[in-house]
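# Descriptive analysis of the structure
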Amino acid sequence: MFIGREKELTEVRDFLKKNSGCIMIYGKRKVGKTTLINHVLNGVENTAYYECIKDSLKANVDGLVEVLLREKILPARIEFASFQELFKYLNSLNGTYNIVIDEYPYLKAINKSETVDSIFQSVIDHSLINLHLFISGSHVSMMKDLLNEKNALYGRFSTIIQLRELNYIEASEFYSELSVYDKVAFYSVFGGSPFVNEFLNSKKTLKDNIISTILNPSHSIYNYADNLLVSDFSNVSGAERIFSALKNGKKKYSEIEQALRIEKNGGLSKLLKPVLNMELIFKKQPINRPDDKKKIYYEINDNLLRFYYTYVYKNKSALQVIGAEAFYEEYVAQSILTFISHRFEEICRDYFSLMVKNGNLKGIRNIGTYYYDDSIHKTNGEFDVVLQRKDSYEFYEVKYHLSPMQVSEMKKEEAQIRSIHGFDVSKIGFVSVSGFESTPKGYICIDGSDIYSG
C-alpha cells in the first residue's frame, strides 16, 4: 500500500523531466525511501536499482554490472575497473537511463569516505549527460554530510529530499475505519513508519496489536525497534542509555547527566551528538525562552522507539519469562493512557503546524511549549500546546479522554491558567479528542474530527 508522499512524488517526477542530473533521497531506516523510488520508476524503461554492499568498490561495481545485465541495459558482460569507467560507458549509450544507488553509506564501510565521494563527484561532473542518478541512504548523518560545503559532493544534487515518517493523518489511512480516539492511540504507539504500519491489524484492538508485534520478539516490528540503533551507531550502548533515560518524557541536559551518572566534563555532549545528527532525538526550547539554554530539553523523535524504551528495553528478560499478554498487564496497562496523552500533545502541535502550512491559520509565528515562572505563587511549569502571534500567545489545553469534555472542566482549566502571574493570555482553547459536552462562547473548541479533517 502506497500512502501519502504527494510532495515528494511531485519532486521526483519533476526531476525525471530533466535531461539528466543527480537526486539525493535520504531518511532513517524503513521510512519508505526505496518504496518511493520504486513507485515512481515502476514501468519506466532503462531503469536499474542497485543496493550497495559493505564491500570493496570493485565488488560494488561488479554488483551494479549484474543489475545492468539483468535489466538489459548492458548488451553483454563487460569488465569495468571503476564506477567512473562504468558510468562513462553508460553515458555513451543512446537514450536516457535511471540508475539508483541505494544505501550509498555502505560504500564507505570499508572504503575511504573521501575517496567514495570524490569518485561520485567525478561521475556527476563528467558522466551524466543522459543519466538520472539516484543516490539514497539510511544513515542520516552520513547523508547530511554530503551537503556539507567541505564535501566533494556539495552542490552536485539538483534535488534533495529528506523523507520523514508519515504524519498522523497520513498514517491513519492504514486504519481509516477506526474511531479518532483509537487513531490517536495507534499513532501514539506505532508512529508513522509505513513499514511498521503495514503490519497492523485494524480489526484488532490496540492491546492486541501491541502484544502481537512490539511485544513479540519474533516479529519484524520488535526486531526493527530492537536493532535500529545497532545498525547505525558505533557507540550503541551510549545511544541506548540515552533512549532509556528519555523514555516517554522530556529531560534537560543536567537531568540526563544525572540519570546516566555521567561526569560533568562534556561526556554527554559526545553521546548526544550522533543521536541528534541521526534525528532520532530532538532538542527543543519553550517558544517564549528561545535563548535560554537552561530550558533546552531532549525527547525521542519516534513514537515506536518511545514505546520500546519506555516499556520493553530494560524488561526484555521479563517479557521472555512471562510472555506478551502477562507482560502487557504488568508493565503496560497501568500507564498506556498516560503514554498516549503525552503523544497526543505532539499530535495537536502537528495539527496546528499543518493548518499554518495549508494556509488555514494565519498570523502564527511559532508553535510549541511555553514556560512560566510565577514568582508570587512560587510555581513554575510549562504549557504544552501554545501558538505565538506577533504580540500575544494562544494557550490550548489538550485532553485525551474517552468521554466529551465538560464545561465545568473547561472553566476550571481557565481559572488555573488565569491564576498564574507573569504573562498575559490572549485566547484559551481546548482540544478534546472525544469532543465537548457543549461549546460555550469565549473558548476555541477543537475536537478529534477537526484534527483529522486535514
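Scroll up to find the structure this text is about.
These remarks concern the structure in this document. Here the structure is a predicted model, which means the values were calculated and not measured.

Parameters and conventions
- Residues numbered from 1 in each chain as written.
- Predicted model: local features only at pLDDT ≥ 70, side-chain atom pairs only at ≥ 80, totals over all residues.
- Heavy atoms only, no water.
- Buried < 20%, exposed > 50% of the residue type's maximum accessible area, 1.4 Å probe, protein only.
- Helix = DSSP H or I, 4+ residues; strand = E, 2+ residues; numbered from the N terminus.
- Pairing = 2+ DSSP bridges.
- Right-handed = clockwise from strand over helix to strand, strands pointing away.
- Axes fitted to C-alpha atoms, helices over the stretch in contact; angles between N-to-C directions.
- Contact = heavy atoms within 4.5 Å.

### Quick notes on the pairing of strand E12 (residues 427–432)
Each regular strand carries side chains that alternate between the two faces of the sheet. Across the 6 residues that make up E12, a large majority, 5, are buried. Both strand E11 (residues 393–399) and E12 contribute to a ladder of 6 bridges, which runs parallel. Bridging from a neighbouring strand, Lys-399 pairs with Ser-432 of E12. The β-α-β motif built from E11, the intervening helix H19 (residues 407–418) and the parallel element E12 has right-handed crossover chirality. Here E12 runs beside strand E13 (residues 444–447); their pairing, made up of 4 bridges, is parallel. Paired with Ser-432 across the bridge in E13 is Asp-447.

### Considerations on the sheet that holds strand E7 (residues 281–284)
In any sheet, the strands associate via hydrogen bonds between backbone groups, in a parallel or an antiparallel arrangement. Pairing within the open sheet is antiparallel, and its 3 strands lie in the order E6-E8-E7. If you trace the sheet from one side to the other, it starts and ends with strand E6 (251–252) and E7, each paired once. Pairing of E7 with strand E8 (residues 297–300), which is carried by 4 bridges, proceeds in the antiparallel orientation. Bridging from a neighbouring strand, Phe-282 pairs with Glu-299 of E8.

### Description of unusual backbone geometry
It is generally the case that most residues other than glycine have a negative phi and that most peptide bonds are trans. For Arg-261, which is not glycine, the phi torsion reads 55 degrees and is therefore positive. With respect to the element layout, Arg-261 can be found in the loop between helix H13 (253–260) and helix H14 (267–277). Of note in the backbone geometry, Glu-279 takes a positive phi value of approximately 60 degrees without being a glycine. Mapped onto the secondary structure, Glu-279 falls in the loop between H14 and E7.

### Observations concerning the sheet that holds E12
Taken together, 5 strands build an open sheet; the order of strands is E9-E10-E11-E12-E13 and the sheet is mixed. Lying at the two open borders of the sheet, with one neighbouring strand each, are strand E9 (366–374) and E13. Ignoring which end each strand starts from, the neighbouring axes of this sheet average 35 degrees apart. Of the strand pairs in this sheet, E9 and strand E10 (residues 379–388) are connected by 8 bridges, and their pairing is antiparallel. Bridging across to E10, Gly-368 finds its partner in Val-386. Contacts from helix H18 (residues 336–357) reach E9, E10, E11, E12 and E13 within the one sheet, and its direction differs from that of E10 by about 35 degrees. With respect to the sheet, H19 is in contact with E10, E11, E12 and E13, its orientation differing from that of E12 by roughly 135 degrees.

Read these as geometric descriptors, not functional statements.
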